[in-house]
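# Understanding the architecture of this molecule
Chain by chain, the residues run as shown.
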Amino acid sequence: MKPAPAATPAPAPKPTPEQLRAAQDGTIPDVTGPGLRVLFCGINPGLWSGATGHHFARPGNRFWPALHRSGFTPRQFRPDEQGELPALGLGITNVAPRTTAKADELTAEELRAGGAALVERVLRLRPRVLAVLGIGAYRTAFGRRDAVVGRQPEGIGDTEVWVLPNPSGLNAHYTLDALAAEFGRLRESLDS
């Protein structure tokens, strides 16, 4: 007799309004491991991520679809499957650790302090690439006012730095296809 296919676990339940309010100004742990090829770096966790403990958890965030469409993952993972990423050489962190309803609630000082802490984290973890997801946050955190999307001319130690578009559903400048194409450029650079 043929074994039944493994059931796909149900996604995490939607946070309640009380859980979302309680998540304000909290933090969530990074997803890291040894030998990372890419450490993806969000701006900061949103309230949905803070309430669930999962990065890029808000419905409408396009990180997980872009990651899959660009070839980084064999299938589209859900936020609650983030723990599977290190086995693929992928990790997640944030420029600023504080959870907010919107990234524009962060101060420039928080982003600059987060950038300094991120440099220390990268030097410790030594991923092949740091991929910062958000050009504005990168410019502020690293004092690179003229930075553009793509590979940056200066790395951190032996780590290449790339800037990719913010995958938030609020970033109307990039469609999911365009976002996946930018992620794909990074993935192709790793293979060459």
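Heads up: the structure comes first, above all this text.
Below or above, wherever it landed, is the structure these notes cover. Only a predicted model underlies this, so the values are computations on that prediction, with no experimental measurement involved.

Conventions we followed
- Residues numbered from 1 in each chain as written.
- Predicted model: local features only at pLDDT ≥ 70, side-chain atom pairs only at ≥ 80, totals over all residues.
- Heavy atoms only, no water.
- Phe/Tyr/Trp six-rings, centres within 6.5 Å; stacked < 30°, edge-to-face > 60°.
- Helix = DSSP H or I, 4+ residues; strand = E, 2+ residues; numbered from the N terminus.
- Buried < 20%, exposed > 50% of the residue type's maximum accessible area, 1.4 Å probe, protein only.
- Pairing = 2+ DSSP bridges.
- Arc of directions from axis to C-beta.
- Contact = heavy atoms within 4.5 Å.
- Salt bridge = Lys/Arg side-chain N within 4 Å of Asp/Glu carboxyl O.

## Notes on the packing of aromatic side chains
- Counted under the stated rule, the structure contains seven aromatic pairs.
- Ring geometry for phenylalanine 40 against phenylalanine 72: centres 5.4 Å apart, planes inclined by 90°, an arrangement best described as edge-to-face. Taken together, the residues span a long stretch of sequence, with phenylalanine 40 in strand β1 (residues 38–42) and phenylalanine 72 in the loop between α3 (63–69) and β2 (90–94) at a distance of 32 residues. Considered together, phenylalanine 40 and phenylalanine 72 belong to a single accessibility category, that of buried residues.

## Let's talk about the sheet that holds strand β3 (residues 129–133)
- Read from one edge of the open sheet, five strands run β2-β1-β3-β5-β4, paired in mixed fashion. Among the strands making up the open sheet, the edge pair consists of β2 and β4 (150–151).
- Of the pairings in the sheet, the one linking β1 to β3 comprises four bridges and is parallel in character. When the bridges of β3 are listed, phenylalanine 40 appears paired with alanine 131.

## Focus: helix α5 (residues 135–142)
- Here α5 has its buried residues at Ala137, Tyr138, Ala141 and Phe142. All buried residues of α5 lie within an arc of 105° about the axis, which places them on one face of the element.
- Contact partners of the buried residues in α5: α4 (108–125), β3 and β5 (160–164).
- Of the residues one or two after α5, glycine 143 is the one with positive phi, at around 65°.

## A closer look at the environment of glycine 155
- With respect to the element layout, glycine 155 can be found in the loop between β4 and β5.
- For glycine 155, a relative accessible area of 47% translates into the label partly exposed.
- Put simply, glycine 155 and aspartate 177 are 22 residues apart on the chain and 27 Å apart in space, counted from C-alpha to C-alpha.

## A word on the pattern of salt bridges
- Using the criterion set out here, one finds 15 salt bridges in the structure.
- Between arginine 78 and glutamate 81 there is a salt bridge, with the nearest N and O atoms lying 3.8 Å from each other. Per residue, the accessibility class of arginine 78 equals that of glutamate 81, and both read buried.
- Taken together, the shared-partner salt bridges in this structure form one network comprising Arg75, Arg78, Asp80, Glu81 and Glu84.

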